[in-house]
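# Per-entry structural report
Each chain is listed here by its residues.
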Amino acid sequence: MPTVLALETSCDESAAAIVHDRRVLAGAVASQVEEHARWGGVVPEIASRRHVEALPQLIEQVVASSGLSLSAVDAIAASVAPGLVGALLVGSVTGRTLARLHNKPFLGIHHLEGHLASVQLGEDLPPGPYLVLLVSGGHTELIRVDGPGAYQRLGRSHDDAAGEAFDKVARLLGLGYPGGPAIQAAAAAGDPGRFALPKGRVSRPGGGFHPYDFSFSGLKTAMLRQVQALKPEGSLPIADLAASFEQVVAEVLVERACRCATDHQLATLVLVGGVAANLRLRRHLEQTCASRALQLRVAPLAYCTDNAAMIGVAACQRLVRGQNSAIGLGVAPRLALEQADGLYATAPPF
Ligand code: KG4
Ligand code: ZN
């Protein structure tokens with residue numbers, strides 16, 4: 001089984017890890033959250049600069065605490081798509097330079113394939129096919145997985161990603177950035193049934209609704225209306241607003257994911273991505289899967305938000321299949337997960 005040094009710089013977490021198959025020998029994350037919080041969201045230019053500053057120390061740190069030398073790793077990996085272009089470039093250039101200097105193969109990893117692999121840092125996965133509910137700051141997708149590289153998207157958000165909705169609603173409620181953990185904390189003491197909120201169904205051109213797609217823009221507007229209506233009464237019932245919002249997001253995600261799994265006769269559901277850290281969502285999904293005899297696997301809490309260990313696991317799986325990337329591989333701010341195999345083509349696609 002291979003040992004890989006993995007780098008992650010696609011958004012606002014700089015991370016490095018050394019992974020042996022599915023075991024994390026060392027991992028470190030430097031979050032930029034506090035810096036971006038001043039602006040209410042990620043500022044791409046700041047993100048790139050902070051990655052440049054943080055990455056060398058993180059690499060030094062994981063190499064030292066793994067007890068290995070760089071010459072002992074089998075390959076070097078970095079997320080190369082999708083994400084912020086300047087941010088991705090920092091990890092890509094660093095990874096490719098190290099690979100070149102140490103004469104190791106380089107693997108460019110699709111960031112979402114990393115999230116998919118994060119669940120394997122916990123329990124064993126039953127054999128595929130299975131359905132993944134991937135919920136992060138940039139993506140809300142239902143993906144059928146038949147094996148590494150064999151992905152089919154069955155559902156998606158037509159506007160905001162779930163994490164983006166958490167971030168925007170948190171800003172509206174004055175709860176700061178990132179919104180997910182802030183809303184979760186505020187919601188703990190709230191009544192999740194106090195406000196009736198819309199579930200954002202997506203119309204189909206031929207009539208009816210798409211059963212597995214999502215829309216969070218109407219929910220965002222409904223929250224704004226509630227806030228506007230309640231403001232003249234004095235202080236806002238933040239806990240109840242946060243809990244009602246969190247509840248409806250959890251219900252929508254769970255309902256559509258479970259329906260999709262059942263309709264496609266997929267016996268296992270997998271939950272990954274930053275929003276998978278949400279405790280109400282995890283609890284609701286556990287209960288629903290149990291009542292519908294669906295097996296559930298959830299990424300370990302520590303590996304839901306961006307990290308490099310998940311990139312390392314994905315890289316190990318590519319490596320054992322004999323794959324690696326061209327050293328001249330660039331980065332792609334937008335690349336569908338279904339195109340991840342292209343990252344291992346002899347002639348780089350970008
Ligand atoms: O996967 P991730 O770290 O980055 C992307 O690839 O986008 O996800 C970040 C997102 C943010 O929108 C953040 O608000 C959300 O995950 N998030 C949460 C929680 N922790 C992080 N959302 C809900 N509840 C949480 N506990
Ligand atoms: Zn992510």
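As shown above, the structure is provided for reference.
Residues numbered from 1 in each chain as written. Chains lettered and ligands numbered in written order. Predicted model: local features only at pLDDT ≥ 70, side-chain atom pairs only at ≥ 80, totals over all residues. Heavy atoms only, no water.

Note on the zinc ion (ligand 2): its protein donors are His111 (NE2), His115 (NE2) and Asp306 (OD). The metal-donor distances range over 2.0 to 2.1 Å. The motif formed by the donor residues of the zinc ion (ligand 2), counted along the single chain, is H-x3-H-x190-D. Of this pair, His111 sits in helix H4 (residues 111-118) while Asp306 sits in the loop between strand E10 (295-298) and helix H10 (309-320); the two residues are 195 residues apart in sequence, bridging distant segments of the chain. Judged by relative accessible area, which is 15%, Asp306 ranks as buried. (Donors = N, O, S within 2.8 Å, 3.2 Å for Na, K, Ca; no water. Helix = DSSP H or I, 4+ residues; strand = E, 2+ residues; numbered from the N terminus. Buried < 20%, exposed > 50% of the residue type's maximum accessible area, 1.4 Å probe, protein only.)

Here we take up the sheet that holds E10. Strand order in this open sheet of 5 strands is E8-E7-E6-E9-E10, and the pairing throughout is mixed. Sheet topology places strand E8 (150-156) and E10 at the edges, where each strand pairs with a single neighbour. For this sheet, the mean inter-axis angle between neighbouring strands, taken without regard to orientation, is 25°. Inspection of the sheet shows strand E6 (residues 130-135) paired to strand E9 (residues 268-272) by 4 bridges, in the parallel sense. (Pairing = 2+ DSSP bridges. Axes fitted to C-alpha atoms, helices over the stretch in contact; angles between N-to-C directions.)

Bringing unusual backbone geometry into the picture now. That bond from Ala81 to Pro82 is cis: its omega, -20°, falls within 30 degrees of zero. Relative to the assigned elements, Pro82 resides in the loop between strand E4 (75-81) and helix H3 (85-102). That bond from Gly128 to Pro129 is cis: its omega, 0°, falls within 30 degrees of zero. Of note, Pro129 is situated in the loop between H4 and E6. One non-glycine residue with positive phi stands out, namely Asp21, at about 55°. Phi at Asn103 takes a positive value of approximately 55°, unusual for a residue other than glycine. Note that Asn103 resides in the loop between H3 and strand E5 (106-110).

Spatially, 5 strands are ordered E3-E2-E1-E4-E5 in an open sheet, and the strand pairing comes out mixed. Each edge of the open sheet carries a strand with a single partner, namely strand E3 (23-31) and E5. With strand direction ignored, the average angle separating the axes of adjacent strands in the sheet is 20°. With 4 bridges joining them, strand E1 (residues 3-8) and E4 adopt parallel strand pairing. The residue bridging Leu7 from the neighbouring strand is Ala78, located in E4. Sheet strands touched by H3: E1, E4 and E5. Its angle to E4, the strand with the most contacts, is close to 160°. Against the sheet, H4 contacts E1, E4 and E5, and its axis sits at roughly 80° relative to E5. (Contact = heavy atoms within 4.5 Å.)

Here the focus is the state of the cysteines. On inspection of all chains with the given rule, the structure shows 0 disulfides. Of all cysteine sulfurs, the one in Cys289 lies closest to Cys258, which takes part in no disulfide; the gap is 4.3 Å. Cysteine Cys316 remains unbridged, with the sulfur of Cys304 as its closest cysteine sulfur at 20 Å. (Disulfide = S-S within 2.5 Å.)

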